[in-house]
Amino acid sequence: MVHAYSPVLAIVFATIGAGAAVSSQSNSTVSTSYNTNVADYDFGDANYSYCGADYPDSSTYTAVKDATLEFLQLVVRHGDRAPSYFSSDMGATWTCSPIESIYLNGIGSKQQGMTGSYQQQIEIPQWNGKYGYANKAWSGSCDEGQLTDKGIQQHLDLGARLRSVYVEKLGFLPYWLSNTNQVYLRTTSIWRTKNSAEALLNGLWPYRGIDPSAQIPLHTYPGAIETMYSNTAACPGLSTAMSQITNSAEFGAFYQSQAALIAKLDNALKASGSSATSGWSGYVDVLLARQCHGMKLPCSSDGVCITEDDVKQVMRNGHYELAFIARDHPLVPQSVRLYIGSFIGTLRDQLQDAVNGKTGDLKFSLYSAHDETIIPILGALKASNTDMLWPAYAANLALELWKKKDGSRVVRVVLNGRVLTLQESFQWCDMNACPVDQFFKYLETYIPSDITTECA
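Now for a quick tour of the structure. (Residues numbered from 1 in each chain as written. Predicted model: local features only at pLDDT ≥ 70, side-chain atom pairs only at ≥ 80, totals over all residues. Heavy atoms only, no water.)

## A word on helix H9 (residues 332–339)
H9 sits mainly inside the fold: six of its eight residues count as buried. Buried within H9 are the following residues: Val332, Ser335, Val336, Arg337, Leu338 and Tyr339. (Buried < 20%, exposed > 50% of the residue type's maximum accessible area, 1.4 Å probe, protein only. Helix = DSSP H or I, 4+ residues; strand = E, 2+ residues; numbered from the N terminus.)

## Digging into the environment of Val30
With respect to the secondary-structure elements, Val30 resides in the loop between helix H1 (7–15) and strand E1 (67–77). In sequence terms Val30 and Tyr41 are 11 residues apart; their C-alpha atoms lie 9.5 Å from each other. Filtering out sequence-adjacent residues up to four positions away, Val30 remains in contact with Asn35 and Ser425. (Contact = heavy atoms within 4.5 Å.)

## Notes on unusual backbone geometry
One non-glycine residue, Ala394, lies in positive phi territory at about 65 degrees. Mapping Ala394 onto the fold places it in the loop between helix H11 (371–381) and strand E9 (396–404). A positive phi is found at Asn416, a non-glycine position, where the angle reads about 50 degrees. As for its placement among the helices and strands, Asn416 is situated in the loop between strand E10 (409–415) and strand E11 (418–419). Look at Asn416 and you get buried, because its relative accessible area is 16%.

## Comments concerning the pairing of strand E6 (residues 183–187)
Across the five residues of E6, four count as buried, placing the element largely inside the fold. Two strands pair when backbone bridges link them, and E6 and strand E8 (residues 364–369) are joined in this way by five bridges, in the parallel orientation. Looking at E8, one finds that Val183 is bridged to Phe364. With three bridges joining them, E6 and strand E7 (residues 218–220) adopt parallel strand pairing. (Pairing = 2+ DSSP bridges.)

## Considerations on the environment of Lys404
Relative to the assigned elements, Lys404 resides in strand E9. Residue Lys404 is classed as partly exposed on the basis of its relative accessible area of 31%. Remark: the alpha-carbon pair of Lys404 and Val64, spanning 340 residues in sequence, is separated by 8.4 Å. Here Lys404 is in contact with Lys65, Asp66, Ala67 and Val410, once residues within four sequence places are set aside.

## Quick word on the state of the cysteines
Here is the idea: a disulfide is a covalent bond, and it sits between the sulfur atoms of two cysteines. Applying the stated rule across the entire model yields five disulfides. Across the disulfide, Cys96 is cross-linked to Cys142 (sulfur-sulfur distance 1.9 Å). With the S-S bond torsion at 105 degrees, the cross-link from Cys96 to Cys142 turns out right-handed. Note that Cys96 is positioned in the loop between strand E2 (93–94) and strand E3 (99–102) and Cys142 in the loop between strand E5 (139–140) and helix H2 (149–169), a separation of 46 residues in sequence. The same class applies to Cys96 and to Cys142, which are both buried. Sulfur-sulfur distance for the disulfide between Cys429 and Cys434 comes to 2.1 Å. Looking down the S-S bond of the Cys429 and Cys434 bridge, the torsion is 105 degrees, so its handedness is right-handed. On the basis of relative accessibility, which here comes to 9%, the residue Cys429 falls in the buried class. For Cys434, a relative accessible area of 0% corresponds to the buried category. (Disulfide = S-S within 2.5 Å.)

Okay, here's the thing in structure tokens:
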């Protein structure tokens, strides 16, 4: 998530339990989080791992029949990271490489950015027992939420896999990146998304030098106007829309069914009501990050320890919660418009420009962001339960624009190396080759027409 927890899931936590009615839930032929309780929900998670997503595979990747690839958009989640919640009493050591930054020669200088670099090294001193706050932190070299060395390697590997498909197999992207106008890169202002993008591009084009002509501009929006994650400060209406969902009887029943587990987790984490327990994202943040590194799970002061089964249920609760608030509740179209609709509009407009021949040399756009960037897009598209699971580290969502021999164009949606699957009850288009006009028409439901008015 972006900070200690998702702004949207903070709303979730703030609105549960206080007057939310409980109602009985019934199953239907299609299992959704709105019509099925969490115990009976069909997760389709047998092959799921939060610790790392699958990548495209050149040995199984096939081109759209009788078509030529024209444009590629890729939305990725950052790689493995340290938790976003600082804790000193769990015996953890987190290791992160220094963050490289360019040393500027001078504003306006022709040699700007070429005179050297420095490293931002996170230093966590040993507690001296007298002053300072080192006793409140873990040991190692990671800040809260910082990309770990494992996370860097994940995106190097993802970039190499992308190279095997889009460079070596399709010949769509160049072997050498001599024209950086072919690439557009945007990240959030959070360091882990920047570092993930850098690693991915280094895997995709491992032979780039430091010549100024090889520099790829890294675009970021100020946090106050960011559209790649939920921005309740800029859009107060999102808080209202989410509250309507989380105050529903169905959502209240879900949380009440998990009351015993919540109490156990809070006791072991010694963090009830803190950022570590703000919705299931807080529990996932603390526990899954540790599990992915093979660390011991926390225990309470009276010796009651969180178990692997507890973590599995935490993860399933997280899947269920995200499906409920981003895909299944009847008010989702309204909330997703405010949640991620502006970014969906950006993706749509760029694809429209590509169709109209207005993108110039640009062939590939990379958006390095967060799990809460990807999940509402999947919810809007009505992804199947299996593809609606919590986006793993280095999750990758590709939108490919293809031109067929007859001149028509189609969009293919690929999640973690496989064509996206949709809910059985909502097969609105073939995600392997969706006619572009039909794809754009469908997205209109989730793109604001007047964001100022809708957010008020």
